[in-house]
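Each chain is listed here by its residues.
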Amino acid sequence: MGQKKDLTGSEMSKIVRYLAEGCSGLKIAKLLKRDHRTIKRFIQNSQQGRKKRVDKPRRKITAHELRKVKRAAAKMPLATSLAIFQSCNITGVPKSTRCAILRDMAKVRKAERRPPLNKTHKLKRQDWAKKYLKTDFSKVLWTDEMRVSLDGPDGWARGWIGKGQRAPVRLRRQQGGGGVLVWAGIIKDELVGPFRVEDGVKLNSQSYCQFLEDTFFKQWYRKKSASFKKNMIFMQDNAPSHASKYSTAWLARKGIKEEKLMTWPPCSPDLNPIENLWSIIKCEIYKEGKQYTSLNSVWEAVVAAARNVDGEQIKTLTESMDGRLLSVLAKKGGYIGR
């Protein structure tokens, strides 16, 4: 009787059952009408079980080579393991070994996205920190805009998937999905807004001032007491629509001028505590890789997430300013961790 290539799943199940009943391999071959050598080979493979993985010894490198690799990794951030080892003239090391060696001295990280700081920027950041070192930051209103999209930032739709489960399907939009521009402020333990910029409106000096008039001034600022208005310091970054002569003059007519309008150093999102509020909101609205089908639905999610931010969280952010100023001075104007 000739041999066939493979046993079917049904035949394998029958062999196991016949073996449990005490049948010999020869008898099973006759029952299944298969070559006895095929049955014998299956029984032997089943009894041997799965072979244990044997870890091969790692290709050893000398202490001198290790120091060279460490220096190269420090000089070549975000380089591949192959590029690092090649720069040290170390060849013949497999990728698994290279990565194992690098894991002992480095981590795989993404590049941080932030504006570049030159010497002038650092000096201005230090001057700003010195100027406001004795400021009562509970009286400062920190403001900023944030754009939220339907799909969230790139790379956020990641997470653990159980074995045997399929990853959920992500929508792919041929023409993108647009986004919503959101403005908000925080002062002491209070959240101002968030307010939505009308879709399609580009914030230039005129539209920015009109937006503040319709939202911030009419819906929040006008309800405050005269003593509050007298002591409040308004902070905004150096976006063109904020720092223009038109916007500065318009705010001055509203009584926000001179020491009541905080000067802001260039390239300094790390010094604005409201950036941390945006992170909290984005983590909430995009958790588990959530996507949205309309601009209204993502805006509703922003509003809901903002309502869940309590006063203690906001107070923690605004009270962090003294530490931020000391950090930027200690780092001579360099970036600080937010």
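Residues numbered from 1 in each chain as written. Predicted model: local features only at pLDDT ≥ 70, side-chain atom pairs only at ≥ 80, totals over all residues. Heavy atoms only, no water.

Thoughts on the overall build of the protein chain
The secondary structure content of the protein chain amounts to 15 helices and four strands. Looking at the protein chain residue by residue over its 338 residues, the buried ones come to 38%. Counted over contacts in the protein chain with a minimum sequence separation of 6, partners at least 24 positions apart contribute 75%. Counting every atom, the protein chain has about 22300 Å² of accessible surface; 51% of that belongs to carbon and sulfur. (Helix = DSSP H or I, 4+ residues; strand = E, 2+ residues; numbered from the N terminus. Buried < 20%, exposed > 50% of the residue type's maximum accessible area, 1.4 Å probe, protein only. Contact = heavy atoms within 4.5 Å. Areas by Shrake-Rupley, 256 points an atom, 1.4 Å probe, with all protein chains shown as cover.)

Concerning the pattern of salt bridges
Opposite charge on two side chains allows them to pair when their charged atoms are near. Throughout the structure, instances matching the rule amount to eight salt bridges. One salt bridge connects Asp 270 with Arg 125, and the closest N-O pair in it is separated by 2.9 Å. Here Asp 270 is found in the loop between α11 (245-253) and α12 (274-285), whereas its partner Arg 125 is found in helix α7 (residues 119-131), with 145 residues between them in sequence. A salt bridge links Glu 213 to Lys 254; its shortest N-O distance comes to 2.5 Å. Of this pair, Glu 213 sits in helix α8 (residues 205-219) while Lys 254 sits in the loop between α11 and α12, and the two are 41 residues apart along the sequence. For Glu 213, a relative accessible area of 19% gives the class buried. (Salt bridge = Lys/Arg side-chain N within 4 Å of Asp/Glu carboxyl O.)

Here's the deal with the pairing of strand β3 (residues 190-196)
Here strand β2 (residues 179-187) pairs with β3 via five bridges, running antiparallel. Opposite Ile 187, over in β3, you have Glu 190 as the bridge partner. Counting the residues in the hairpin turn of β2 and β3 gives two residues, including Lys 188, whose phi is positive at 55°. (Pairing = 2+ DSSP bridges.)

Details of the sheet that holds strand β4 (residues 233-235)
As summarised here, the arrangement of the four strands in space is β3-β2-β1-β4, forming an open sheet in which the pairing is mixed. Each edge of the sheet is formed by a strand with only one pairing partner; in this case those strands are β3 and β4. Strand-to-strand, the axes of this sheet are offset by a mean angle of 20°, without reference to chain direction. Summarising the sheet, strand β1 (residues 140-149) and β4 pair through three bridges and their orientation is parallel. Following the sheet pairing, Trp 142 is matched in β4 by Met 235. (Axes fitted to C-alpha atoms, helices over the stretch in contact; angles between N-to-C directions.)

Here we look at a negative patch on the surface
A contiguous patch of negative charge on the surface is contributed by Asp 189, Asp 310, Glu 312, Glu 319 and Asp 322. By the element assignment, Glu 312 lies in helix α14 (residues 311-318). (Patch = residues over 30% accessible without salt bridge, like charges linked within 9 Å, V, L, I, M, F, W, Y side chains within 5 Å. Lys, Arg positive; Asp, Glu negative; His and termini not counted. Charge placed at Lys NZ, Arg CZ, Asp CG, Glu CD.)

Topic: the packing of α12 against helix α13 (residues 295-307)
One way to put it is that α12 packs onto α13 with a least axis distance of 9 Å and a crossing angle of 120°. Relative to α13, α12 is oriented oblique. Once α12 is placed against α13, the crossing between them reads as right-handed. Residues Ile 281, Glu 284 and Ile 285 of α12 pack against Ala 301, Val 302, Ala 305 and Ala 306 of α13. When its residues are assigned to classes, the contact of α12 with α13 shows six nonpolar, no polar and one charged. (Parallel < 35°, antiparallel > 145°, perpendicular 65-115°, else oblique. Left-handed = near helix turned anticlockwise from the far one by under 90°. Nonpolar A, V, L, I, M, F, W, Y, C, P; charged D, E, K, R; others polar.)

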